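# Results of the structural survey
Below, each chain spelled out in residue letters.
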Amino acid sequence: MSINSRLALTIGGVILVAALITILFVNARMKEHALREAQDKAQVILDSRLAVHTYFSHQLKPILFDFAATNAPELGEQFEPVWMSSSYAVREMEEYFKGLHDIPYYYKEAAIDARHPDNEADALEREFIKRLNRDDELDLLSEIRIFDGEPYFTVLQRGETMEATCLRCHSEPERAPRGMVEAYGSERSFHRTEDEVVSAVSIRIPLEAAYTSVNQLTLQLAIAFGTVLVGLFCVTVILNKRWIFNPLGYLRDKAQAIATDPAHLGEQIKPPKGTELVDLANTFNSMSKALQIERNELEDRVRRRTMELETSNAKLRREMAEREQAEEMIRLVNQQLRISNEDKDRLFSIIAHDLKSPLTGLMTSTQMLAEDIDVFSEQEVTRLASELHKNTNHMMALLDDLMQWARMGQGNMEFILEPSSMHELASISLNSTQGVADQKDISIIIDIPRDMTAMIDKPMINTVIRNLLFNAVKFTPRGGEILVTARQEGDVIQMAVKDSGIGINKEKLSNLFTISRDKRQLGTEGEKGTGLGLVICKQFIEKHGGRIWMESKPGQGTTVFFTLPKGRA
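Residues numbered from 1 in each chain as written. Predicted model: local features only at pLDDT ≥ 70, side-chain atom pairs only at ≥ 80, totals over all residues. Heavy atoms only, no water.

### Section: the overall build of the protein chain
- Counting secondary structure elements, the protein chain contains 15 helices and eleven strands.
- Here the protein chain holds 569 residues, and 36% of them are scored as buried.
- Summing over all exposed atoms, the protein chain offers an accessible surface of approximately 33600 Å²; the carbon and sulfur share of this is 55%. (Helix = DSSP H or I, 4+ residues; strand = E, 2+ residues; numbered from the N terminus. Buried < 20%, exposed > 50% of the residue type's maximum accessible area, 1.4 Å probe, protein only. Areas by Shrake-Rupley, 256 points an atom, 1.4 Å probe, with all protein chains shown as cover.)

As structure tokens, this is what we get:
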């Protein structure tokens, strides 16, 4: 991604984040303001209604009762809710008020067993009244609640507390004024006690309309703010492109022209506007001129040296490679002091045939590719590369076998015995051969108890199992199976690697663990071998005081057995 695109995305992202934060902040503040308005409205309604109750309880009802007792006893005996019930008065005032103003809100003086059904408490209000009678310190509960899917600011406040003047109508039905029992019955709102909280004022102010208005205003603000920010973003991108990125693009094109075509070296560019870009252009012009001068000098020197090196380089590489390989092989042979002269002759024969032949092919192929690669097609180059890789792997396998065999003969290999899990060691060796087995669709099964241990040198026995598995894969056709087993027999562990391969005739079984060209044969898919793998296995097993042997019949597979000392308990 270009710097221009990154800068544009960064500026746009910063502007977008800033706009979102601002809009969300304004929206939250406006919703807080709407909530405060709802709180203020609820408080005004609450105070006005409580004022009515206070007026009735402390002024109107005491005076009228005293007046009735003195001047008109029959008036005090007859129930008249207009002046005897403050709840009735508040309910009537609510009806008048809602008729004059279209202001949606919910107001109720909720009571348990209320005489009028409009005042009967719902579940929320009923629980609050019970809490008021249990907790003298509780007076008010306000929160936002959802009713019918819409938010409301709700207020529940302590309502009327039963006073002595109220007990005439709320204690026992027999003491109630005439007409009250007939109007409301003898069950509801009787049997009250003095100081009992009998009601709670419940107010619900709808917030949906206020929130909708806030959201609409926020959307308008977002559109206006977004328009300004988009304009600012476009202006910033245009100016950046004109003042910075277009001049940089011109510099880039010139640099690319010089990089792809040396003929452009020494060309000069006109400095653009801006101090920083002028300095950059002047530096570029100086570099272009200096590179032109240096290139001309280098071309002359390179031309002379190239001709000299080309004539001697190929010959020198071939001679060095041949000498190094020969010296290494001679050193390995000289270090193997225990082998007989006959075995030395066989070893030299292996080196001469198995190493020189792929090395010669390798040198010939690389020389052909180095001198005239253009005449080869893509398929031919791929085939040569495959042959080079195959020959290289073969030489590396031979060198590895020779190195281990030589070190064993010198006594330079460490030999550390320790109790080791045979199942774990077989699994490690399996990991090394799994890839080769998968190429031939051969399954390798390990059937060794997990608690079986042997007293061994782990690297040596790992080499033994790995060599035997490679041999088994080599001589097993596609879709075959290899089984690795181990069982305890007295004080030794006997392991076996059994394959379902082509098998070996009886004449060749006798010299499989000696150095001989006669014993070597190609695998089921033409795989080559050095013939040293089984020799190394025999030396490593005998180093442990064990023995190794093989059982096979042509067409019925081969099983290689070897023994190891049992591990300590």
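### A look at the packing of helix H13 (residues 458-474) against helix H15 (residues 533-543)
- Remark: H13 packs on H15, axes separated minimally by 9 Å, with the N-to-C direction vectors making an angle of 145 degrees. Remark: the crossing between H13 and H15 carries left-handed chirality. Residues Met460, Ile461, Thr463, Val464, Asn467, Leu468 and Asn471 of H13 form the contact with H15, whose participating residues are Gly533, Leu534, Cys537, Phe540, Ile541 and Lys543.
- Looking at the contact of H13 with H15, its residues break down into eight nonpolar, four polar and one charged. (Axes fitted to C-alpha atoms, helices over the stretch in contact; angles between N-to-C directions. Left-handed = near helix turned anticlockwise from the far one by under 90°. Contact = heavy atoms within 4.5 Å. Nonpolar A, V, L, I, M, F, W, Y, C, P; charged D, E, K, R; others polar.)

### Some details on helix H8 (residues 208-260)
- Compared with an ideal rise of 1.5 Å per residue, which puts 53 residues at 78 Å, H8 spans 68 Å between its outermost C-alpha atoms and falls more than 12% short.
- Where H8 is concerned, the buried positions are Tyr211, Val214, Thr218, Leu229, Asn240, Phe245, Pro247, Gly249, Leu251 and Ile258. (Expected span 1.5 Å × (residues − 1).)

### Points about the pattern of salt bridges
- Inspection of every chain in the model, using the stated rule, returns ten salt bridges.
- Linking glutamate 196 and arginine 192 is a salt bridge whose minimum nitrogen-to-oxygen distance equals 3.7 Å.
- Taken together, the shared-partner salt bridges in this structure form one network comprising Lys108, Asp122, Glu125 and Arg204. (Salt bridge = Lys/Arg side-chain N within 4 Å of Asp/Glu carboxyl O.)

### Comments concerning the sheet that holds strand S4 (residues 199-206)
- Ordered by their spatial adjacency, four strands build an open sheet running S1-S4-S3-S2, and the pairing between neighbours is antiparallel. Among the strands making up the open sheet, the edge pair consists of strand S1 (106-111) and strand S2 (140-147). Direction aside, the axes of adjacent strands within the sheet are offset by 20 degrees on average.
- Examined bridge by bridge, S2 and strand S3 (residues 150-158) share eight bridges and lie antiparallel to one another. Paired with arginine 145 across the two strands is tyrosine 152, which belongs to S3.
- Contacting S1, S2, S3 and S4, helix H5 (residues 123-134) runs over the sheet at an angle of about 135 degrees to S4. (Pairing = 2+ DSSP bridges.)

### Notes on the packing of aromatic side chains
- Counted according to the given criterion, the structure contains two aromatic pairs.
- Judged by centre distance (5.8 Å) and plane angle (75 degrees), the ring pair of phenylalanine 147 and tyrosine 152 falls under edge-to-face.
- Given a relative accessible area of 22%, phenylalanine 147 falls into the partly exposed group.
- On the numbers, 5.3 Å between centres and 15 degrees between planes, the contact of tryptophan 549 with phenylalanine 561 is stacked. One end of the pair, tryptophan 549, is in strand S10 (residues 548-552); the other, phenylalanine 561, is in strand S11 (residues 558-565), and twelve residues separate them in sequence.
- Accessibility expressed as a relative area gives 17% for tryptophan 549, which makes it buried. (Phe/Tyr/Trp six-rings, centres within 6.5 Å; stacked < 30°, edge-to-face > 60°.)

### Topic: the packing of helix H12 (residues 422-439) against H13
- Interaxial distance between H12 and H13 falls to 9 Å at its minimum, and their mutual angle equals 40 degrees. Classified by the angle their axes make, H12 and H13 are oblique. Two packed elements cross with a definite hand, and for H12 against H13 that hand is right-handed. Mapping the contact onto sequence places Met422, Leu425, Ala426, Ile428, Ser429, Leu430, Ser432, Thr433, Val436 and Ala437 in H12 and Lys458, Ile461, Asn462, Ile465, Arg466, Leu469, Phe470 and Val473 in H13.
- Partitioned by chemical class, the residues of the contact of H12 with H13 number twelve nonpolar, four polar and two charged. (Parallel < 35°, antiparallel > 145°, perpendicular 65-115°, else oblique.)

### A few points about the sheet that holds strand S9 (residues 492-499)
- Taken together, the five strands give an open sheet; going across it, the order is S6-S8-S9-S11-S10, and neighbouring strands pair in mixed fashion. Of all strands in the sheet, those with a lone pairing partner are strand S6 (443-447) and S10, marking the two edges. Ignoring strand direction, the axes of neighbouring strands in this sheet form an average angle of 15 degrees.
- Relative to S11, S10 runs antiparallel, the two sharing five bridges. Directly across from methionine 550, in S11, lies its bridge partner valine 560.
- Packing against the sheet, H15 makes contact with S10 and S11, and its axis sits at approximately 135 degrees to S10.

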